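Secondary and tertiary structure notes
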Amino acid sequence: MDGVQNVPRAGIIELVFGEPDPALLPVTEIRRACAAALDGGRTAALPYGANEGPPELRRLIAARIAATEDRKVPEGEIAITGGNSLAFDQVLTRFTTPGDTVLVELPTYILALGIVRDHHVDLEAVPVDDDGLDVVVLERILDALALAGRRARLLYTIPTFQNPTGTCLSAARRRRLVELAAAHDLLIVEDDVYRELVYDGVAPPSLWSIAPVATVLRLGSFAKTIAPGLRVGWLNGSATQVEHFAAAGFVDSGGCPSHFSASVVACYLEGGGYPARVERLRSEYRARRDALAAALTEHLPPGSSFVVPGGGFFIWVTLPEGLTASALLPVAERHGVSFVPAAQAMLNGDDGALRLAFSMYPPAQLAEGAKRLGAALGSFSAGR
Ligand SMILES: Cc1ncc(COP(=O)(O)O)c(C=O)c1O
């Protein structure tokens, strides 16, 4: 496991890591796709690539979007990226200037906060509730900024199977959000990394697909559905935005940042196994979600609550009144289970909830993790 980002500690069920189970990574298929990318002396994968990424991968992504989201996308509205993290960093570089106001929903993807902080922008929070980002508060913030002669340049949001809360932005709020963005010239960055991992029905339409052109940059990634180590994703925006994104100095110098991996992903998608793989992941992760939710219902003390997410990797547990997740964590780890305390995903110190990831362990271990969490909560409350 040397060099791997997240290594489980002995004796601890790490419900911390929001990433695919290594046992589900498509090693054989990727080996085959690598061979295909280099097959018969084909060299297209090895020289510098096009700024916007390999044309065949852009075509294949357009075909997947047409099949799953019922939307025709010209290739000019797709750029291949090195995954959502790098793409978000590039978007901040290309579409903001230092000192701009950037809005982030809270709680949010913890590591996105680090990406924003690298850009010397003013960060302002918009709260999330069970229906996703609170558009009434957003409107109040936008109006207050306008009154002060300022405006927010960009909003980062994860409207579908949010990390960390698992929530989906409601249909009414989706419509209101894109209206507000268009009215206030606010660029929405929609992190859509969990769209394919839907366990009940279909995922709601993306903000990008319902918004006026150039209002939303949508970031998609193969990190959760193929493999995070490949570092391949894509960006959807208007043709002008895509051109601007792909004209960054370092891209102009070196080409698409993941050209080799992107060529491998193209060969993998061409092989035709991707839709079946997504179906298999859905049924694996659905079973894990169900196992964790059932065990939490059994073991959490009264006063705790959670909403079963329709997709993604996370269950967000609200703790009984007065308990804080950061104080609970060392007790939980002594009981052999770990999680992410809410405070890490917030800016205001709120810590009355915790995030559990169900992607890394099979159902029986998830159930054991929930049991240990229940026991930790029992002893934590008793010791107060
Ligand atoms: C909301 C969100 N965005 C982005 C990422 C990382 O995406 P990528 O691997 O494509 O950089 C994650 C992974 O945990 C995530 O949860």
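Residues numbered from 1 in each chain as written. Predicted model: local features only at pLDDT ≥ 70, side-chain atom pairs only at ≥ 80, totals over all residues.

Right, let's talk about the packing of helix H11 (residues 274-299) against helix H13 (residues 363-382) for a bit. Running from N to C, H11 and H13 cross one another at 25°; their axes reach a closest spacing of 8 Å. One way to sum up the angle between H11 and H13 is to call them roughly parallel. Like other packed secondary-structure pairs, H11 and H13 cross with a definite hand, here right-handed. The residues of H13 that touch H11, namely those facing Ala287, Arg288, Ala291, Leu292, Ala295, Leu296 and His299, are Pro363, Leu366, Ala367, Ala370, Lys371, Leu373 and Gly374. Looking at the contact of H11 with H13 residue by residue, the classes come out as ten nonpolar, two polar and two charged. (Axes fitted to C-alpha atoms, helices over the stretch in contact; angles between N-to-C directions. Helix = DSSP H or I, 4+ residues; strand = E, 2+ residues; numbered from the N terminus. Parallel < 35°, antiparallel > 145°, perpendicular 65-115°, else oblique. Left-handed = near helix turned anticlockwise from the far one by under 90°. Contact = placed C-beta atoms within 7 Å. Nonpolar A, V, L, I, M, F, W, Y, C, P; charged D, E, K, R; others polar.)

Before going further, it helps to spend a moment on unusual backbone geometry. At the junction of Leu106 and Pro107, the peptide bond is cis and its omega measures out at 0° in the coordinates. For Pro107, the position within the fold is in the loop between strand S3 (101-106) and helix H4 (110-117). A cis amide bond links Asn163 to the next residue, Pro164, at an omega of 20°. Looking at where Pro164 falls in the secondary structure, it is placed in the loop between strand S6 (152-157) and helix H6 (171-184).

Attention now goes to the domain arrangement of the chain. When cut into domains, the chain gives domain 1 (13-25 + 275-382) and domain 2 (27-270). Relative to domain 2, the C-alpha centre of domain 1 lies at a distance of 26 Å. Across the boundary between the two partners, domain 1 contributes 26 residues, which contact 24 residues of domain 2. Elements supplying a minimum of two residues to the side of domain 1 that touches domain 2: H11 and strand S11 (314-318). (Domains from an automatic or database assignment.)

Turning our eyes to something else, we now look at H13. Taking 1.5 Å of rise per residue, 20 residues should cover 28 Å, and H13 covers 29 Å from first to last C-alpha, within 8% of that figure. Its buried side turned inward, H13 meets strand S1 (13-14), H11, helix H12 (325-334) and strand S12 (337-338). (Expected span 1.5 Å × (residues − 1).)

Gly83, Asn84, Ser85, Ser221 and Ala223 are the nearest of the 13 residues found near the ligand. Of the residues in the shell around the ligand, the class split is five nonpolar, seven polar and one charged. (Near = placed C-beta within 6 Å.)

By size, the foremost hydrophobic cluster in this structure holds 112 residues, and its most contacted members are Leu155, Val189, Val265, Leu292, Val317, Leu354 and Leu356. Lining this core are residues from two domains, each supplying at least three of them: domain 1 (13-25 + 275-382) and domain 2 (27-270). Setting aside residues up to four positions removed in sequence, Leu354 forms contacts with Val317, Leu319, Ala325, Phe339, Val340, Pro341 and Ala342. (Core = buried A, V, L, I, M, F, W, Y, C linked by C-beta atoms within 7 Å. Buried ≥ 20, exposed ≤ 12 C-beta atoms within 10 Å, placed from the backbone.)

Turning our attention to the pairing of strand S4 (residues 122-129). In regular strands, side chains alternate between the two faces of the sheet. Bridge count between S3 and S4: six bridges; the pairing is parallel. Across the sheet, residue Val104 finds its bridge partner in S4, namely Ala125. Considered for its hand, the β-α-β crossover made up of S3, H4 and S4 is right-handed. Here S4 runs beside strand S5 (residues 132-133); their pairing, made up of two bridges, is antiparallel. Paired with Val128 across the strands is Leu133, a residue of S5. (Pairing = 2+ DSSP bridges. Right-handed = clockwise from strand over helix to strand, strands pointing away.)

Bringing the sheet that holds strand S2 (residues 78-81) into the picture now. Here we have eight strands laid out as an open sheet, ordered S2-S9-S8-S7-S6-S3-S4-S5, and mixed in their pairing. The two strands at the open ends of the sheet, each matched to only one other strand, are S2 and S5. Where strand S7 (residues 187-191) meets strand S8 (residues 216-221), four bridges bridge the pair, whose relative direction is parallel. Bridge pairing links Val189 to Leu217 in S8. Each of S3, S4, S5 and S6 is contacted by helix H5 (residues 135-147), which is oriented at about 155° to S4, the strand it contacts most.

What follows deals with the packing of helix H3 (residues 84-95) against H4. It is at 9 Å that the axes of H3 and H4 come closest, and there the two elements cross at 30°. With respect to H4, the element H3 is oriented roughly parallel. For the pair H3 and H4, the crossing hand works out as right-handed. Residue-level contacts link Ser85, Phe88, Asp89 and Leu92 of H3 to Leu111, Ala112, Ile115 and Val116 of H4. By residue class, the composition of the contact of H3 with H4 is six nonpolar, one polar and one charged.

A word on the pairing of S2. Here S2 shows a buried face lined by Ile78 and Ile80 and a second buried face lined by Ala79 and Thr81. Sheet topology places S2 next to strand S9 (residues 233-236); four bridges connect them, and they run antiparallel. Paired with Thr81 across the strands is Gly233, a residue of S9.

Let us look at the sheet that holds S11. Strand order in the open sheet formed by four strands is S10-S11-S14-S13, with antiparallel pairing between adjacent strands. The open sheet has two free edges, formed respectively by strand S10 (305-306) and strand S13 (340-341), since each of these has just one partner strand. Relative to strand S14 (residues 353-357), S13 runs antiparallel, the two sharing two bridges. Residue pairing for S14: Pro341 is matched across the bridge by Leu354.

Turning our eyes to something else, we now look at the environment of Ile226. Along the chain, Ile226 falls in the loop between S8 and S9. Ile226 sits 204 residues away from Pro22 along the chain, and the two C-alpha atoms are 11 Å apart. With residues near it in sequence (within four places) discarded, Ile226 still touches Pro26, Val265 and Tyr268.

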